[in-house]
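What follows is each chain in one-letter form.
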Amino acid sequence: MTDSIEVDAGLLAQAAALLDVCRVAHETVTTAESCTGGLVAATLTAIPGSSDVFERGFVTYSNSAKTEMLGVPYWLIERHGAVSEDVARAMASGALTHSQASLAVAVTGIAGPDGGTEDKPVGLVYFAAGRRDTMIASESVLFGDLGRAEIRRRCVERALSMLLSLL
């Protein structure tokens, strides 16, 4: 049995609003996603005309993908774990480095139902967002074990909010 999500009307409205603000500000967006598997990018590109704002997305589900596609140092993943503030920040920075976008958001976490530990439980997610001309901001959220689909939906919502906060 799968625990899939569909992009709901609320997320689509949030994505459309972000795209509109980006257009006015002449900003473009890239995403670096792990636990969301590209859902932030999918939400943004579900909006017709998004190609003038959405530059590209990186789905870096494995540790090697984070290193190969975004330049996240493997030692950083080994030292802190893929689910960490340091890796989220490196993912966002790498997305900016490996794209033409002016804004980036990164998401890495444990959506479950497996994979959680006492130190890093299911529902723990790290986010990072930044602009080319400023520092990368990061935050962690412990959503709790709400089910895989709900955790991923909330990740998309938070990622879109973080991007909007950069404008």
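My aim in this report is to walk through the structure given alongside it, one point at a time.

Cut-offs and rules
- Residues numbered from 1 in each chain as written.
- Predicted model: local features only at pLDDT ≥ 70, side-chain atom pairs only at ≥ 80, totals over all residues.
- Heavy atoms only, no water.
- Phe/Tyr/Trp six-rings, centres within 6.5 Å; stacked < 30°, edge-to-face > 60°.
- Helix = DSSP H or I, 4+ residues; strand = E, 2+ residues; numbered from the N terminus.
- Buried < 20%, exposed > 50% of the residue type's maximum accessible area, 1.4 Å probe, protein only.
- Axes fitted to C-alpha atoms, helices over the stretch in contact; angles between N-to-C directions.
- Parallel < 35°, antiparallel > 145°, perpendicular 65-115°, else oblique.
- Left-handed = near helix turned anticlockwise from the far one by under 90°.
- Contact = heavy atoms within 4.5 Å.
- Pairing = 2+ DSSP bridges.
- Core = buried A, V, L, I, M, F, W, Y, C linked by side-chain atoms within 4.5 Å.
- Salt bridge = Lys/Arg side-chain N within 4 Å of Asp/Glu carboxyl O.
- Polar contact = N/O pair within 3.5 Å; in protein donor to acceptor, adjacent residues only side chain to side chain.

### Points about the packing of aromatic side chains
Aromatic rings in a pair are described by how distant their centres are and how their planes are angled relative to each other.
Then, in step 1: Per the counting criterion, the structure on display carries one aromatic pair.
Then, in step 2: Relative to Phe143, the ring of Phe127 lies with its centre 6.4 Å away and its plane at 90°, an arrangement referred to as edge-to-face. Taken together, the residues span a long stretch of sequence, with Phe127 in strand β4 (residues 124-131) and Phe143 in the loop between β5 (137-142) and α6 (148-165) at a distance of 16 residues. Neither residue differs from the other here; Phe127 and Phe143 are each classed as buried.

### Looking at the packing of helix α1 (residues 9-25) against α6
A pair of packed helices is characterised by two quantities: the angle between their axes and the separation of those axes.
Then, in step 1: Relative orientation of the contacting elements α1 and α6 amounts to 20°, with a least axis distance of 10 Å. Classified by the angle between their axes, α1 and α6 sit roughly parallel to one another. You can see that α1 and α6 cross each other, and the crossing is left-handed. Between α1 and α6, the residues in contact are Leu11, Gln14, Ala15, Leu18 and Val21 and Arg153, Val156, Glu157, Leu160, Ser161, Leu163 and Leu164, respectively.

### Details of the sheet that holds β5
Neighbouring strands of a sheet are bound in pairs by backbone hydrogen bonds; such pairs are parallel or else antiparallel.
Then, in step 1: Judged by pairing direction, the sheet is mixed, and its five strands sit side by side in the order β2-β1-β3-β4-β5 without closing on themselves. The sheet is open, and its two borders are formed by β2 (54-59) and β5, each paired with just one other strand. Averaged over neighbouring strand pairs, the angle between their axes works out to 15° when direction is ignored.
Then, in step 2: By the bridge criterion, five bridges tie strand β1 (residues 29-33) to strand β3 (residues 103-109) in an arrangement that is parallel. Its bridge partner lying in β3, Glu33 is registered against Val107.
Then, in step 3: Against the sheet, α6 contacts β1, β3, β4 and β5, and its axis sits at roughly 25° relative to β4.

### Examining the nonpolar core
Then, in step 1: The biggest cluster of nonpolar side chains holds 54 residues, and the ones touching the most others in it are Val29, Leu44, Val72, Val125, Phe127 and Cys155.
Then, in step 2: With near-sequence residues (within four places) excluded, Val29 lies in contact with Cys22, Leu44, Val53, Phe54, Glu55, Arg56, Ala101, Leu103 and Leu163.

### Details of the pattern of salt bridges
One side chain can pair with another of opposite charge once the charged atoms of both are near each other.
Then, in step 1: Within the structure shown, the criterion is met by ten salt bridges.
Then, in step 2: A salt bridge links Glu27 to Arg131, with the nearest nitrogen and oxygen atoms 2.4 Å apart. On the criterion of sequence distance, the pair formed by Glu27 in the loop between α1 and β1 and Arg131 in strand β4 is long-range, its members being 104 residues apart.
Then, in step 3: Several salt bridges converge on common partners, so that one network encompasses Asp8, Glu150, Arg153, Arg154 and Glu157.

### With respect to the side chain of Ser34
Then, in step 1: Mapping Ser34 onto the fold places it in the loop between β1 and α2 (39-45).
Then, in step 2: Taking relative accessible area as the criterion, Ser34 reaches 6% and is therefore assigned buried.
Then, in step 3: Of note is the side chain of Ser34, whose polar atom sits 3.0 Å from the side chain of Lys66.
Then, in step 4: With sequence-adjacent residues up to four places away left out, Ser34 is seen in contact with Thr60, Tyr61, Lys66, Met91, Val107 and Thr108.

Geometry only, nothing functional implied.
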